[in-house]
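# Topology and contacts: notes
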Amino acid sequence: MKNSSLRKVVLVTGGAGEIGSAICRKFAENGFDVIITYNSNSQKAEALLSTLPEGNHTIFHAPNTDAEKVNALKHFVAEKYGKLDVLVNNAGITTPVAHEDLEALTDEWIDKIMQTNFRGTFAMNRAFKDLLMKSEEDTALIVNISSIAGIYGIGSNVAYCASKSAIDSMTRSLGRALAPKIRVVSVSPGFVEGEYTKNFDPAFLQNQKENTPLGRFAVNEDVANAVFAVATQLTFSTGNIITVDGGRLLK
C-alpha cells in the first residue's frame, strides 16, 4: 500500500552508520518518513529504527553495489511510498593507505572504493530518478555525501580522494541533466569526529584541529544539519559543493 500521508519521504543509504544515523534522525525529527538502507549490520539499522520518532519508517538491506538489491529497493519504495522527495547517498568505504605507498593501494581496494563510492552512488541516482520525479515538491533533491578529500587531494588514500572527486563531478553533471525537477548537491565534510577517531594518534588529531580555522572537528550532527538545510532552506542551489569543514580548505 502506498503512503497516503502528506509526509515527505527521504532515503538514506548507509543510514545505520554514524553520519547516516544523524541524517536519519534529523529528517525524522522534522516530520519525514525515513528509509534506512544498510549493507551488513542489520542490528544497527534495527536499533536506529527503534529510536526514531513516530512515522512510517523502514529499514532495507540494499548494498548500492548489488544491482538486484537496488532494484528490489526501488520497487519496495514505489509500492510502499509511491514517491521519493530526498535521496541521500551516504554509503561509502575506504581504508587507510599512505599516499606515497603506491604498492600498498591494491587493485582490489581501488575497485572496491570506486564501486561503492562512485558507481554505487550513480546506481542509486539512476534507480530512483523516476520516483524523485513523482515528488509533489516543486524540486526533489539528491544529496551526494562527498568529502573535501575530493577537492584537497588529502585523505585516507589516493583512490578515496579520486572517488570523492568523481562524486563532485557527477553532482555537477546531474545537476545540469536532471534540472529543473531534481536538484543535485554534494555535501562535503572535512574530518568528522566519531567513534572511529578514538584510535587515532593524538598528535595527528591535534594537528588537524590546529589546521581548522574554527578550532574544532565537525561532528555527525554538523553534516546532518547541512544536508537538512540543503533540503529545506537552500532550495535554489544545484550542481554545487557545500563544504562542512570549519574552514580546513583555507589552510
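Up top is the structure.
Residues numbered from 1 in each chain as written. Predicted model: local features only at pLDDT ≥ 70, side-chain atom pairs only at ≥ 80, totals over all residues. Heavy atoms only, no water.

## Observations concerning the overall build of the chain
Of the regular secondary structure elements, the chain holds 8 helices and 7 strands. Relative to a compact globule of 251 residues, whose C-alpha radius of gyration would be 18 Å, the chain shows 18 Å and is just as compact. Projected onto its principal axes, the C-alpha coordinates of the chain cover approximately 55 × 40 × 35 Å. The buried share among the 251 residues of the chain stands at 48%. (Helix = DSSP H or I, 4+ residues; strand = E, 2+ residues; numbered from the N terminus. Rg over C-alpha atoms; globule rule 2.2 N^0.38 Å. Buried < 20%, exposed > 50% of the residue type's maximum accessible area, 1.4 Å probe, protein only.)

## So, the layout of surface pockets
Estimated volume of the second largest pocket: approximately 310 Å³. As for the second largest pocket, its lining consists of 19 residues, of which V70, K74, A123, R126 and A127 are closest to the centre. When residues of the lining of the second largest pocket are traced back to their parent elements, those giving at least two are α3 (67-80) and α4 (107-133). Among the residues forming the lining of the second largest pocket, the class breakdown is 6 nonpolar, 6 polar and 7 charged. (1 Å grid on protein atoms, 1.4 Å probe; cavity = no way out; pocket = protein on both sides within 12 Å on 5 of 7 lines; lining within 4 Å. Points joined across faces, edges and corners; volume = space filled by probe spheres on them. Nonpolar A, V, L, I, M, F, W, Y, C, P; charged D, E, K, R; others polar.)

## Focus: the pairing of strand β6 (residues 182-189)
The buried fraction of β6 amounts to 8 of the 8 residues, a majority that puts the element mostly inside the structure. Of the two faces of β6, the one holding I182, V184, S186 and S188 and the one holding R183, V185, V187 and P189 are both buried throughout. By the bridge criterion, 6 bridges tie strand β5 (residues 140-145) to β6 in an arrangement that is parallel. Each residue of the ladder has a partner; that of N144, found in β6, is S186. (Pairing = 2+ DSSP bridges.)

## Focus on α4
Taking 1.5 Å of rise per residue, the 27 residues of α4 would be expected to cover 39 Å, and the 37 Å separating its terminal C-alpha atoms lies within 8% of that figure. Its maximal kink placed at A127, α4 deviates by approximately 40°. Those residues of α4 that fall on the buried side of the exposure criterion are I113, T116, N117, G120, T121, A123, M124, N125, A127, F128, L131 and L132. Of the surrounding secondary structure, the elements contacted by the buried residues of α4 are β1 (9-12), α3, β4 (86-89), β5, α6 (158-177) and β6. (Expected span 1.5 Å × (residues − 1). Bend = angle between axes of the 7 residues up to and from the residue. Contact = heavy atoms within 4.5 Å.)

None of the figures reported here should be taken as evidence of function without further support.
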